Amino acid sequence: HPAHRARSKVMPPVRAGATDVIVLDFDGVLLDSEGEITKSAFTAAKQRWPKLFEGVSADQQEAVRQKMRAVRPVLVRGYESMVMVRMLMEDLDHVDAILSDWERLLHSKTAEYGESHEELSELYERIRNAWMTANPQEWMAEQAPYPGVVDAYKQCPYPIYLATSKAGHRVCALMRAAMGVDLTPDSPRLHAALLPPEEAKAEALRRIGEAADAQGATLHFVDDRLDTLRAVLQRPDLSHVRLYLADWGYNTAAERQAAAATPGVRIIGLKQFGELLRFGLIMDVHDGCEPAADEVTQGVFKSKYSDEE
């Protein structure tokens, strides 16, 4: 079975006639980047608002770092983490407000602090790029693939596309260092810097569906943001795309509960994610039509789930 063959470390070439095409978000699906986001936010915030950190103990800063993981699900653009850090430095109890009303708070707090989104973004991206250039090993050590995703990715016999809001040069560097996969910023398999993510990722899915290797194939899209999946559901031209919410990514219990009640969205865990990439299906529900796991492994069932006719 293709899932058991050695996979190249280079992304496989585009090929026509695939039965399934996999489209993946990056942060929160393949890679946990929260450590790098937060560390960059602290560096930028200390540079922008030095007085904010006067007399603040290491324990207090660590408490803020822990809360940053809790609010990560609502972060869209990197610089927003600077505003989150400042709010949490002022009051650790801001977590619930950030989770429930972040878009409004981002704009009101940025104005309250006398800042502009553009200037904060420029500073934040400059600090991240400087860190990535000066000490790439340290930068990459702050982000790691989720358990099992590297093997699943490399064993996937189907075309894989990435649809991410992350900058392309960062995605490529991390794919090489953390995933062991060579990818260039101009690759047709990479759709990066997709902002705002809801509209931009839906449009990327449309373009991917028109690619040569996606013609007649089943498209599977995995993301950790429910709002992004809901945006896809609003597009009649994308009604054929199968949507999955990654429960290990940056989402809250409330969002997972809402996803469970959303027709057209399926919540999956890392084990199911591995099955999807290896076999183009999830095997925890056996309805008599899909093959059982042992059937696929032993080659008993041969159809779209195997390339051995």
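Chains are numbered independently. Their residues run from 1 in the order of the written sequence. Note on the predicted model: pLDDT of at least 70 is required for a residue's local features to be given, and 80 or more for side-chain atom pairs to be given and counted; whole-chain, interface and lining totals, by contrast, use all residues. Computation of side-chain values: all heavy atoms of the structure, hydrogens and water removed.

1. Here's the deal with the confidence of the model for the protein chain
Part 1 of the reasoning: pLDDT gives the predictor's per-residue confidence on a scale running from 0 to 100. The predicted model of the protein chain has a mean per-residue pLDDT of 88, with 86% of residues at 70 or higher.
Part 2 of the reasoning: In this model, residues 12-16 is a region of pLDDT below 50 whose contacts with residues beyond four sequence positions or in other chains number twelve contacts.
Part 3 of the reasoning: Contact criterion: two residues are considered in contact whenever any of their non-hydrogen atoms come within 4.5 Å of each other. Across residues 286-309, where pLDDT falls below 50, the model places 35 contacts with residues more than four positions away in sequence or in other chains.

2. A closer look at the pairing of strand 4 (residues 160-163)
Part 1 of the reasoning: Any residue under 20% of the maximum accessible area for its type is buried, any over 50% is exposed, and the rest in between are partly exposed; the area is computed with a 1.4 Å probe on protein chains only. Only DSSP runs of H or I reaching four residues or more are called helices, and only runs of E reaching two or more are called strands; each is numbered from the N terminus. Side-chain alternation along strand 4 places I160 and L162 on one buried face and Y161 and A163 on a second face that is also buried.
Part 2 of the reasoning: Following DSSP output, two strands are said to pair if at least two bridges run between them. As paired elements, strand 1 (residues 20-24) and strand 4 share three bridges and run parallel to each other. When the sheet's bridge partners are listed, I22 is paired in strand 4 with I160.
Part 3 of the reasoning: Inspection of the sheet shows strand 4 paired to strand 5 (residues 190-191) by two bridges, in the parallel sense.

3. Observations regarding the nonpolar core
Most often, soluble globular proteins have nonpolar side chains that are buried together.
Part 1 of the reasoning: Here, nonpolar core means buried Ala, Val, Leu, Ile, Met, Phe, Trp, Tyr and Cys residues that are tied together by side-chain atoms lying within 4.5 Å of each other. Counting 37 residues, the largest nonpolar core has L24, L30, Y153, L162, M175, V222 and F273 as its most contacted members.
Part 2 of the reasoning: Taken together, the elements giving at least two residues each to this core come down to strand 1, helix 5 (117-134), helix 7 (149-155), strand 4, helix 8 (168-179), strand 7 (242-246) and helix 12 (270-279).
Part 3 of the reasoning: Top contributing element to this core by residue count: helix 8, with six residues.
Part 4 of the reasoning: Setting aside chain neighbours within four positions, we find L24 in contact with L30, Y153, I160, Y161, L162, A163, V222, F273 and L277.

4. Re the packing of aromatic side chains
Part 1 of the reasoning: Working definition: rings of Phe, Tyr and Trp (its six-membered ring) pair if their centres are within 6.5 Å, and the pair is stacked with planes under 30 degrees apart, edge-to-face with planes over 60 apart, and tilted otherwise. Counted by the stated rule, this structure contains three aromatic pairs.
Part 2 of the reasoning: The cationic tip of R86 hangs over the ring face of W49; the distance from NZ or CZ to the ring centre is 5.0 Å.
Part 3 of the reasoning: Between R189 and the ring centre of Y161, over which it is positioned, the NZ or CZ distance is 5.3 Å. Look at NZ for Lys and CZ for Arg. If either is within 6 Å of the ring centre and within 35 degrees of the ring normal, a charge sits over the ring.

5. Brief notes about the environment of F26
Part 1 of the reasoning: In this structure, F26 sits in the loop between strand 1 and strand 2 (31-32).
Part 2 of the reasoning: Here F26 falls in the buried class, since its relative accessible area comes to 0%.
Part 3 of the reasoning: In the structure, F26 is positioned 149 residues away from M175 in sequence and 9.5 Å away in space, judged by C-alpha atoms.
Part 4 of the reasoning: If we ignore the near neighbours within four places in the chain, the residues touching F26 are L31, L162, A163, T164, K166, V171, L174 and M175.

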